[in-house]
Amino acid sequence: MEELGQTTPDDLAPLLTRVLSYNPAADTALIRRAYEFSARMHGEQTRVSGEPFVTHPLTVAMIAAELKLDVPSVVAALLHDVVEDTATPLDEVRARFGPEVAQLVDGLTKVSKITFQSRAEKQAENFRKMIIAMSHDIRVVLIKLADRLHNMRTLESLPPERQLEIARETIEIYAPIAHRLGIYWLKSELEDHAFRYLNPSSYATLKAFVAKTRREREEYIRDVIAILSRRLEESGVKAEVTGRPKHFFSIHSKMQELDLSFDQIFDLVAFRITVATVRECYEALGVIHANWKPVPGRFKDYIALPKANMYQSLHTTVIGPRGQRMEVQIRTREMHEVAEEGIAAHWSYKEGTRPRDLKDTERFAWLRRLIEWQQSLKDPQEFLSTIKDDLFPEEVFVFTPKGDVLDFPQGSSIIDFAYRIHSQVGAHLSGARVNGRIVPLRYRLKSGDTVEVTTSERQAPGKDWANFCVTARAKSRIRQWLRAQQAERSRELGIQLIDRELEPLHLSVSQLRTAKRIEPMLKEFSQRDVDSLLAAIGYGIITPGQLLAKLLNPDELKLYRDGKLAPPPAPTAARDREKAARKAASGAVVVSGIGDVLVRFARCCNPLPGETITGFITRGRGVTVHLAGCQFALSTDPQRRVPVVWKDGEEAPRPIRLEVLCVDQPGLLAAMTRTIASAGVNISTAEVKTHGSDGRALSVFEVSVSSARQLNMLMNAIGAIDGVMRVSRIGYQNGSRHQA
């Protein structure tokens, strides 16, 4: 052995002992053969530090054993560099150690025979290959993490530029992967090593500060553990209390986030309470909060809302002994095992390479997304950039006014929150308060925030809203709304343009659609439906003349082109009334966001100036104005509603129908008509029906009133007549009644 790799059999003993500690039936002979083969293949190779190269795969295998990986994984760790760094072909590895080990080694082998434009491109392609291998077997990335950890432990031997490159890659990619797998000790050590090289001055200062306060901190830990243990025991909660110093990078991140100096950082220690059951977790939390004041916004319930890697614990920060902030984590023993060992705590790869239960399926949802990205993003650097930017966002937990907890990706805004509540809340979002303070819509959510939003029917999504969102739900709803609004406006404009051209022919889009004369033109203009064709005209893609040239029959087309039109048909009273009503409606109402559009009043509710109204885009008929509480309006598609308001000072007469239930007695009808006339209201029609059996009569009047105020005064005056039992306002089409 001394000749093979400058090592001795004793070097292998700690590895075998570690593997046997969690897997007594392990094939130690296979591990020994792999070690000997690796030592022989690497021969006299040395690392940059001067150590025999075989010490690297041996240490990687030891870290794999600390992760409690199975025998094939430990063997692959011993062999992970033989194909890349020696003349050993993969087929020889397969022949000696089997296809399973060979597949793992292949996934770990860097792409070395392809010519790349740059080191960055090679790095990205190497990572892509590892991801593809991960999709078949997650053990590949676990061995790779072990490999990266040993490289970070020995990084001081490399030149400074390589140190920075590897440290940056570690903190951007490998530490987040360890976090996703729930292996927190590995994540923290990778971050601390990377921090040391990426920001050496801050690392050195923080290390010196922590060392300076070490004795005081150790005394504080002992005192707090004793106090916590006593209080829990007094409350009947059996628990194990421990304290641990926080990692350097964690402390540095908090300083950066809160803009604190070293002297302002007090919670350098995290205390952990381990109990037997979930119920005892919450009991322990109650004890902590009953004895020490909790810091607002610092409580997180990862038991009810586990992290993406299935991590579970209760986190709280309180003003503890000596008036210092104290961070406490509370979990069961099983949760603690998952938190410390991650995937190894529920190892499902001892006999196969696929997750066997729902938790594992949820745990690797992020990996499925990553696989999809590597398939769709062909540019290696774009793929790597996507992973860095989008794969590993920290979760943010915020509260609704009712106390419900919602989770969002890091960077989410008020707009994301509103769309999470409901699409209509998002679409009409007008303002927000966070922790009682008014904030802009672009405000980025922070864990612990209590968010309250306000809406307005007049508010609509802006074109820049999507720039402040990170959730797919909010972005898609905003794009959908903007497209729908643009399409509706284009359709309305298209209808108006065509109607203007058709008016001399006494035709309209509505008539053409009723006669189904537009449908045959769809194929001619490559449009999927009539609305798309009308929108295309509104966009200017198709001109009205192009459509009419195809649409009109020869006689109509000749009249259209020559301008020799037949005289208009004799006007009818009904047509005149409808035209006058449309003109009055267009002049009395302002439609928000749409200019010069046809407006008509709904006959189901007959809104009057002074009443709260809403608009509804009706295909081919412009905007129909309803009472805000009209049942028909409420049942319409919310995407087609538009804000409308009355013009100031506009009180054009509107036809309204009144139903009067009264006693059947002589002179009562005359009294009612006199009352209506004395109010300055014109009666268009009147109908009277008597019910001989019960001595009552039902009269229906169509009257013209100018405002809701005038209508209410009229109804009150009629109701005051002796013998009148009820006065109601009714709609034309659905018979709905609105009693004043």
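Notes on the overall build of the chain
- Helix and strand counts for the chain stand at 31 helices and 21 strands.
- Contacts in the chain between residues far apart in sequence, at least 24 positions, make up 64% of those at least 6 positions apart.
- Surface accessibility of the chain: about 36700 Å² in total, with carbon and sulfur atoms responsible for 50%.

So, the packing of helix 3 (residues 28-42) against helix 7 (residues 90-97)
- Contact geometry of helix 3 with helix 7 gives a least axis separation of 11 Å together with a crossing angle of 155°. Viewed along their axes, helix 3 and helix 7 adopt a mutual orientation that is roughly antiparallel. For the pair helix 3 and helix 7, the crossing hand works out as right-handed. Across from Leu30, Arg33, Ala34, Phe37 and Arg40 in helix 3, the residues of helix 7 making contact are Glu92, Arg96 and Phe97.

Section: helix 3
- With 15 residues, helix 3 should cover 21 Å at 1.5 Å per step; its first-to-last C-alpha distance of 21 Å lies within 8% of that length.
- Among the residues of helix 3, those classed as buried are Leu30, Ile31, Ala34, Tyr35, Phe37, Ser38, Ala39 and His42.
- Looking one or two residues past helix 3, Gly43 carries a phi angle of roughly 50°, positive in sign.

Regarding the pairing of strand 8 (residues 429-434)
- Where strand 8 meets strand 10 (residues 451-455), five bridges bridge the pair, whose relative direction is antiparallel. Considered in strand 10, the bridge of Leu429 is made with Thr455.
- Note that strand 8 and strand 9 (residues 437-439) share three bridges and pair antiparallel. Residue pairing across strands places Val434 opposite Arg437, the latter belonging to strand 9.
- Adjacent in sequence and paired antiparallel, strand 8 and strand 9 are bridged by two residues, among which Asn435 carries a positive phi angle near 55°.

Overview of the sheet that holds strand 9
- The sheet built from three strands is open, its strands ordered 9-8-10 with antiparallel pairing. Taken across any chain shown, the strands that pair with only one partner, and hence form the sheet edges, are strand 9 and strand 10. Each strand of the sheet is rotated relative to its neighbour by a mean of 35°, with strand direction disregarded.
- The sheet contacts of helix 21 (residues 414-421) involve strand 8, strand 9 and strand 10, and relative to strand 8 the element is tilted by about 110°.

Overview of unusual backbone geometry
- Look at Lys68: it is not a glycine, yet its phi comes out positive at around 65°.
- Mapped onto the fold, Lys68 is located in the loop between helix 4 (55-66) and helix 5 (71-79).
- Look at Lys68 and you get partly exposed, because its relative accessible area is 25%.

What about the packing of aromatic side chains?
- For the coordinates displayed, the defined rule picks out four aromatic pairs.
- Residue placement shows Arg420 over the ring face of Phe408; its charged tip is 5.2 Å from the ring centre.

Concerning the sheet that holds strand 5 (residues 325-332)
- Overall, mixed pairing links the five strands, which are arranged 1-2-5-4-3 in an open sheet. Only two strands of the sheet have a single partner each, and these edge strands are strand 1 (240-245) and strand 3 (300-301).
- Note that strand 4 (residues 314-319) and strand 5 share six bridges and pair antiparallel. Note that in strand 5 the partner of Thr317 across the bridge is Glu327.

Describing the nonpolar core
- Grouped together as the largest cluster of nonpolar side chains are 60 residues, with contacts concentrated most on Leu15, Ile31, Val75, Leu79 and Phe97.
- When residues of this core are assigned to their parent elements, the largest contribution, eight residues, is made by helix 10 (residues 139-153).
- Dropping the residues within four chain positions of it, Phe97 is found in contact with Leu30, Arg33, Ala34, Phe37, Val75 and Leu79.
- Formed by 25 residues, the second largest nonpolar core is a distinct cluster that contains Cys281, Val287, Val318 and Met326.

A closer look at the packing of helix 4 against helix 5
- Contact geometry of helix 4 with helix 5 gives a least axis separation of 7 Å together with a crossing angle of 155°. Judged on the interaxial angle alone, helix 5 and helix 4 are roughly antiparallel. Relative to helix 5, the crossing made by helix 4 is right-handed. Residues Pro57, Leu58, Val60, Ala61 and Ala64 of helix 4 form the contact with helix 5, whose participating residues are Val74, Ala77 and Leu78.
- Taken together, the residues that form the contact of helix 4 with helix 5 break down as eight nonpolar, no polar and no charged.

Some details on the pattern of salt bridges
- Applying the stated criterion to the full structure yields 13 salt bridges.
- A salt bridge links Glu191 to Lys187, with the nearest nitrogen and oxygen atoms 3.2 Å apart. Of this pair, Glu191 and Lys187 both sit in helix 12 (residues 184-198), four residues apart, which is roughly one turn of that helix. Residues Glu191 and Lys187 agree in their burial class; the two are buried.
- Taken together, the shared-partner salt bridges in this structure form one network comprising Asp70, Glu100 and Arg139.

Observations regarding the confidence of the model for the chain
- Scored by pLDDT, the chain comes out at a mean of 77, with 75% of its residues at no less than 70.
- When the criterion is pLDDT under 50, residues 580-585 qualifies, and its contacts beyond four places in sequence or with other chains add up to six contacts.

Focus on the environment of Leu20
- Of note, Leu20 is situated in helix 2 (residues 13-22).
- The class for Leu20 is partly exposed, based on a relative accessible area of 35%.
- C-alpha separation for the pair Leu20 and Lys68, spaced 48 residues apart in sequence, amounts to 10.0 Å.

Focus on the environment of His42
- One can find His42 in helix 3.
- Spatially, the C-alpha atoms of His42 and Val54 are 6.6 Å apart, while their sequence positions differ by twelve residues.
- With near-sequence residues (within four places) excluded, His42 lies in contact with Phe53, Asp81, Val82, Asp85 and Thr86.

Description of the side chain of Ser73
- Tracing the sequence through the fold places Ser73 in helix 5.
- Leave out the neighbours within four places in its chain, and Ser73 touches Leu104, Arg139 and Ile143.

Some thoughts on the environment of Ile498
- Relative to the helices and strands, Ile498 resides in helix 23 (residues 472-502).
- Ile498 gets classed as buried once you look at its relative accessible area, which sits at 2%.
- Other than its neighbours up to four places away in sequence, Ile498 contacts Val509, Leu534, Ile537, Leu547 and Leu548.

Definitions and limits used
Residues numbered from 1 in each chain as written. Predicted model: local features only at pLDDT ≥ 70, side-chain atom pairs only at ≥ 80, totals over all residues. Heavy atoms only, no water. Helix = DSSP H or I, 4+ residues; strand = E, 2+ residues; numbered from the N terminus. Contact = heavy atoms within 4.5 Å. Areas by Shrake-Rupley, 256 points an atom, 1.4 Å probe, with all protein chains shown as cover. Axes fitted to C-alpha atoms, helices over the stretch in contact; angles between N-to-C directions. Parallel < 35°, antiparallel > 145°, perpendicular 65-115°, else oblique. Left-handed = near helix turned anticlockwise from the far one by under 90°. Expected span 1.5 Å × (residues − 1). Buried < 20%, exposed > 50% of the residue type's maximum accessible area, 1.4 Å probe, protein only. Pairing = 2+ DSSP bridges. Phe/Tyr/Trp six-rings, centres within 6.5 Å; stacked < 30°, edge-to-face > 60°. Lys NZ or Arg CZ within 6 Å of the ring centre and 35° of its normal. Core = buried A, V, L, I, M, F, W, Y, C linked by side-chain atoms within 4.5 Å. Nonpolar A, V, L, I, M, F, W, Y, C, P; charged D, E, K, R; others polar. Salt bridge = Lys/Arg side-chain N within 4 Å of Asp/Glu carboxyl O. pLDDT = per-residue confidence, 0-100.

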